[in-house]
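# Close look at the chain arrangement
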Amino acid sequence: MPTRRFLLASAGAFAAMPAFAQDRPNPMPDELRQALERDPTAPVLGNPDGNITLTEFFDYNCPHCKTMLPLMSELVRSDPQLRVVLREWPVFGPGSEFAARASLATLPTGNYWRLHAALLGMRARAEEATVMRAVRDLGLDEAAIRTGMQADTVERHITYSHLLGDHMGLMGTPSFICGDEAAFGAMTLEELRALVQRGRRTMGV
């Protein structure tokens, strides 16, 4: 699937843009950026204090999201100032939502990346049976994860992902956002790096 890039439109539902943003052709409203980049329910990879944030919207049953896993890992390893926010956006049905909830339930225990990578790496479709098999294979506490799946923070994260995706008119998964730009579809490592570089230029870092 080819990558499609577009600038994020400003929305009237958000507060007035800060003064520094007025010089940009299509700046993202500050409240929208805060929701995207600083939601405390969202997993963060890379440098939590990095000078630029790349946000990825993904689904465990999206084949293109699966191909992005090693590239995202390499991007994080090769850019010490990159901060990556992961937004679980289960748009491929009930199995995807079950997987997203299970994955988010591991955040408090520090096992998010392990289950995230396992779910994106498996060939089988993500659904209750396959997700819990992955949980057991990793030696994680299945009962604790089932309980954690119902947490308010998990519900909030998934609800916000749907609201943000709809609000910004995202076309599906994977979607990547950096600076004032979003890109939809599978990307090469070079394209990811270019998106991050443009984001740094946009944000003046």
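Every value quoted in this text rests on a predicted model; they were computed, and no experiment measured them.

A separate point is helix α8 (residues 189-203). The terminal C-alpha atoms of α8 lie 21 Å apart, and with 15 residues this matches the ideal 21 Å at 1.5 Å per residue to within 8%. Within α8 the residues assigned to the buried category are Leu189, Leu192, Leu195, Val196, Gly199 and Arg200. Buried residues of α8, seen end-on, are gathered within an arc of 140° and therefore sit on one face of the element. Those residues of α8 that are exposed and angled more than 90 degrees off the buried face are Glu190 and Arg201. Where α8 is buried, its residues meet β3 (52-58), α2 (63-78), β4 (82-88), β5 (175-178) and β6 (181-184).

Once that is clear, we can look at the pairing of β6. Burial along β6 is two-sided: Glu181 and Ala183 and Ala182 and Phe184, pointing in opposite directions, are all buried. Taken together, the 4 bridges between β5 and β6 define a ladder with antiparallel strand orientation. What sits directly across from Ser175, in β6, is Phe184.

With that settled, the discussion passes to the pairing of β4. Among the 7 residues in β4, 7 count as buried, and that is most of the element. Of the two faces of β4, the one holding Leu82, Val84, Leu86 and Glu88 and the one holding Arg83, Val85 and Arg87 are both buried throughout. As for the winding sense of the linkage, the β-α-β connection from β3 through α2 to β4 is right-handed.

Of all hydrophobic cores here, the largest spans 44 residues; its most connected members are Leu54, Tyr60, Met72, Leu75, Leu119, Ile145 and Phe176. In terms of residues, this core owes the most to one element, helix α3 (residues 94-105), which gives 6 residues. Apart from residues no more than four positions distant in its own chain, Leu119 is found in contact with Tyr60, Lys66, Ala99, Ser103, Val131 and Ala134.

Before going further, it helps to examine the confidence of the model for the protein chain. Confidence in the prediction of the protein chain, expressed as mean pLDDT, is 90, and 88% of residues score 70 or more. Note that residues 1-22 has pLDDT below 50 and, in this model, 55 contacts with residues that lie over four places away or in other chains.

Locating Glu97 in the fold gives a position in helix α3. Here Glu97 falls in the partly exposed class, since its relative accessible area comes to 29%. Taking the C-alpha atoms as reference points, Glu97 and Asn61, separated by 36 residues in sequence, lie 9.8 Å from one another. Excluding residues within four positions of it along the chain, Glu97 makes contact with Pro90 and Ile158.

About the thresholds
- Residues numbered from 1 in each chain as written.
- Predicted model: local features only at pLDDT ≥ 70, side-chain atom pairs only at ≥ 80, totals over all residues.
- Heavy atoms only, no water.
- Helix = DSSP H or I, 4+ residues; strand = E, 2+ residues; numbered from the N terminus.
- Expected span 1.5 Å × (residues − 1).
- Buried < 20%, exposed > 50% of the residue type's maximum accessible area, 1.4 Å probe, protein only.
- Arc of directions from axis to C-beta.
- Contact = heavy atoms within 4.5 Å.
- Pairing = 2+ DSSP bridges.
- Right-handed = clockwise from strand over helix to strand, strands pointing away.
- Core = buried A, V, L, I, M, F, W, Y, C linked by side-chain atoms within 4.5 Å.
- pLDDT = per-residue confidence, 0-100.

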